[in-house]
Structure formats: structure tokens, C-alpha cells
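# Tertiary structure, described
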Amino acid sequence: MSRYPPAQYSKPPIVVTDNDVLSGRGVNIAAHPGNERFRTLITTRADDQYCETYSATEKRAVAEEIVRHIGSLDPPGRFLKREGRGQVSRGLNGPWEELSRREAIKKACQALRDCNRADRTTYAHGVAAPADVKAVAEELATGGMALKDRASKAAEECAVDSAAKLREAMEAAGVPEETIDEQLKRQKADPTYVVPGFAMTAAGGFAPIAQPGYPGVMQVIGPDGVPVPTHEPVPTPGQMPGMYSMYPHPAVDMAPINMEAHLAARAAAGYVHPDDRAKAEEAEAKPAAKRSKRGKKEETV
């Protein structure tokens, strides 16, 4: 029995547009207009120094610019994958679901790495770039700044923007100011540090997730990872950290078992545990083995 009412989380199917970037294999996926745009957009960042001299934050900043460009189209482009597991990976048949912001950036990073490999000189070869990609290429060519320097600047801007959005989300959640300053300071010193209790949303902002210790940060998370709107403050679970359900869970919320009543019911039903049965059979087998051994000795004498 599901812990969540299925009707509460029903959502309309995603209709693929020409601006969407699809995850999958096959000619139909590769020839989708959104995927062709994505590949040509990636080639505008082809740089011989990418794999050797770009830092991890610079690579991520370039990938974020790619993701933002796809999202700025009309209609906004999305990064989609087939919904559920065990689905076929070829063709354009759905149902589809949207990748998280982190997954979209990871996909863009992988494409940038493939494009800048020495053995992938034909990446996006023969694919015509749409007008918006041509405009990006023209801007990069006439901007008077090397791609590496542009990536460094973009990384700095992304860090500032991310810190501002994270501070806004933490303030809205009621996190103390000294805690906010401490967490942002740690993240600035180590860009790989993840502030506990908050996650990046599909829109690029931050939202609180279930995390004990921060007042007002706890949220009820639905089966699709989307916070369930509640009008009452959600208490922090004492001994159970992490996400939890707004519906009772049999393994957590059930009453403790009365072992005396449980054993009495087993005895009344004539139930014998397999381990107890094995021990009883083993105890019966030992005297029989001794008698058999004694009989063999008497025959020998």
C-alpha cells in the first residue's frame, strides 16, 4: 500500500517541443531539433585548453551558461529523460520527465568534455546552427576575450549569484544570520561544499529540504521530490533524520509489539520457528547416533 495518495500527485504528461534537449540514443534523438541546437551550442565553446587548464568551477560555469541559454528560448527549452526505469532509450516516445538542474548541468559538462576531446573533431559536424546559436558564436568571436578568461569571469559571477540565492533561501527558512555567514564562508573557501538542508531547484534557485536542526527548514517531500505545501509548521523528527512522510509509515509509526502476547499466539496456533525446529531435530538425532554407535561396538566385540 502506498504512503501517498496517487491522485494527489497526478500531473499532465510533458509534450516535447523543438527547443527541448532529449536524453536517449538513436537517430531520432540525435536528429531532434533541440538536440541539434544543443550540440551546435556546445561547439561554440570548443577550446583546446578546456581539458587541460579549465578548473572544475570554470567548466561548471560554462555548462550553466549552456543550460541558461536553452531555458531562455521561447518556449523555454527543457532537458528531458524518459520517465521511470526499464523504458526503451530509443525513439521519441515518452512519457518524459524533466532533469533536475544538477542533472542538466552534468549533461552539459559531459557534452563539453566530448566536444573538446582530441578524438572528437567531428562533433556536431554537418549540423546547421540555428539563428540564436549563430548570435552566441558571433558574440564570443567579437567579444575580445579568450574563452578561458570568459569562463573564469563566469565562474566568479556564478559564485556570487549562487551565494545570493542561497542566502535568500536560508533567510526565508529562518536560519540564524551567524549560521548563514558561516555556511557561505565555507562554501566560498571550498566550492564543492554543499550547504546541508538546501538543494538546487530546477529553476536554478535553492529550496530547503528535510534537515533537522534548522527551525522552519523542514518540509514534507512528495514521491516526485517536490515539497508538499503545508499550512502548519512541520516538527523536526527527533531520532529519524532526513525526509519523512506526512502519512504514517508502518515501520516507524506502528505501536511496539507485545512479545508475550506474540509468543502466546504462536504457541496457541502450533507454530514452531524453523530455527527451533532444527534445534529439536538436532537434539533428537544425537541420542539416536549414540545408540547406533554403541550397537556397532557390541557387534564388534
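Residues numbered from 1 in each chain as written. Predicted model: local features only at pLDDT ≥ 70, side-chain atom pairs only at ≥ 80, totals over all residues. Heavy atoms only, no water.

Summarising the element assignment, E97 is placed in strand β3 (residues 96-98). On the accessibility criterion, E97 (23% relative accessible area) is partly exposed. Separated by 18 residues in the primary sequence, E97 and F79 place their C-alpha atoms 8.5 Å from one another. When neighbours within four sequence positions are excluded, E97 is seen to be in contact with I14, F79, L80, K81, R82, E83 and G84. (Helix = DSSP H or I, 4+ residues; strand = E, 2+ residues; numbered from the N terminus. Buried < 20%, exposed > 50% of the residue type's maximum accessible area, 1.4 Å probe, protein only. Contact = heavy atoms within 4.5 Å.)

So, on to a nonpolar patch on the surface. Together, I257, M259 and L263 make up a nonpolar patch on the protein surface, roughly 310 Å² of accessible area in all. Among the residues examined, I257 registers a relative accessible area of 60% and is labelled exposed. (Patch = residues over 30% accessible without salt bridge, like charges linked within 9 Å, V, L, I, M, F, W, Y side chains within 5 Å. Areas by Shrake-Rupley, 256 points an atom, 1.4 Å probe, with all protein chains shown as cover. Salt bridge = Lys/Arg side-chain N within 4 Å of Asp/Glu carboxyl O.)

Attention shifts here to the packing of helix α2 (residues 33-43) against helix α4 (residues 56-71). It is the contact of α2 with α4, at a shortest axis distance of 11 Å, that shows an interaxial angle of 140°. One finds that α2 runs oblique with respect to α4. Every pair of crossing elements has a handedness; the one defined by α2 and α4 is right-handed. Contacts between α2 and α4 involve R37, F38, L41 and I42 from the former and I66, H69 and I70 from the latter. For the contact of α2 with α4, the per-class residue count stands at five nonpolar, one polar and one charged. (Axes fitted to C-alpha atoms, helices over the stretch in contact; angles between N-to-C directions. Parallel < 35°, antiparallel > 145°, perpendicular 65-115°, else oblique. Left-handed = near helix turned anticlockwise from the far one by under 90°. Nonpolar A, V, L, I, M, F, W, Y, C, P; charged D, E, K, R; others polar.)

For the rest of this paragraph, the subject is the confidence of the model for the protein. With 74% of its residues at a pLDDT of at least 70, the protein reaches an overall mean of 77. Strand β1 (residues 21-22) holds the highest mean pLDDT among the elements of the protein, 94, whereas helix α9 (residues 250-253) holds the lowest, 48. Below a pLDDT of 50 lies the segment residues 1-9, which in the model reaches 17 contacts outside its immediate sequence neighbourhood of four places, other chains included. Considering only residues more than four positions removed or in separate chains, one finds that residues 211-218, a stretch of pLDDT under 50, has 29 contacts. (pLDDT = per-residue confidence, 0-100.)

Summed over the entire model, instances satisfying the criterion amount to 13 salt bridges. A salt bridge links R117 to D114; the nearest nitrogen and oxygen atoms lie 3.7 Å apart. By relative accessible area, D114 is classed as buried at 15%. A salt bridge links R167 to E171; the nearest nitrogen and oxygen atoms lie 3.9 Å apart. Separated by four residues within a single helix, R167 and E171 lie in helix α7 (residues 147-172), roughly one turn from each other. Each of the salt bridges in this network shares a partner with another, and the network as a whole consists of R167, E171, E177 and D181.

What follows concerns the sheet that holds β3. What the three strands build is an open sheet, ordered β1-β2-β3; its pairing is mixed. Both edges of this open sheet fall to β1 and β3, since each of them pairs with a single strand only. With two bridges connecting them, β1 and strand β2 (residues 79-82) associate as parallel partners. Across the sheet, V21 pairs through a bridge with F79, a residue of β2. (Pairing = 2+ DSSP bridges.)

As a further point, take the packing of aromatic side chains. Under the criterion given, the structure shown has two aromatic pairs. Between the aromatic rings of F38 and F79, the centroid separation amounts to 5.7 Å while the plane-to-plane angle is 85°, which identifies the pairing as edge-to-face. Separated by 41 residues along the polypeptide, F38 in helix α2 and F79 in strand β2 bring together distant segments of the chain. As far as burial versus exposure is concerned, F38 and F79 are alike and both buried. Relative to Y54, the ring of Y50 lies with its centre 5.0 Å away and its plane at 50°, an arrangement referred to as tilted. (Phe/Tyr/Trp six-rings, centres within 6.5 Å; stacked < 30°, edge-to-face > 60°.)

Let us look at helix α5 (residues 101-115). In this model α5 runs 21 Å from its N-terminal to its C-terminal C-alpha over 15 residues, within 8% of the 21 Å that 1.5 Å per residue would give. Within α5, burial applies to R101, A104, I105, A108, C109, A111, L112, D114 and C115. Those residues of α5 hidden inside the fold are in contact with α2, α3 (50-53), α4, β2 and β4 (198-200). (Expected span 1.5 Å × (residues − 1).)

Attention now goes to the nonpolar core. If you look at the biggest cluster of nonpolar residues, it comprises 26 residues, and the most contacted ones within it are F38, I42 and F79. Those elements that provide at least two residues to this core are α2, α4, α5 and α6 (131-142). Here the element with the most residues in this core is α5; it accounts for seven residues. Not counting residues up to four positions away in its chain, the partners in contact with F38 are V21, I66, F79, K107, A108 and A111. Listed in part, the 11 residues of the second largest apolar core include L166, A173, V175 and L184. (Core = buried A, V, L, I, M, F, W, Y, C linked by side-chain atoms within 4.5 Å.)

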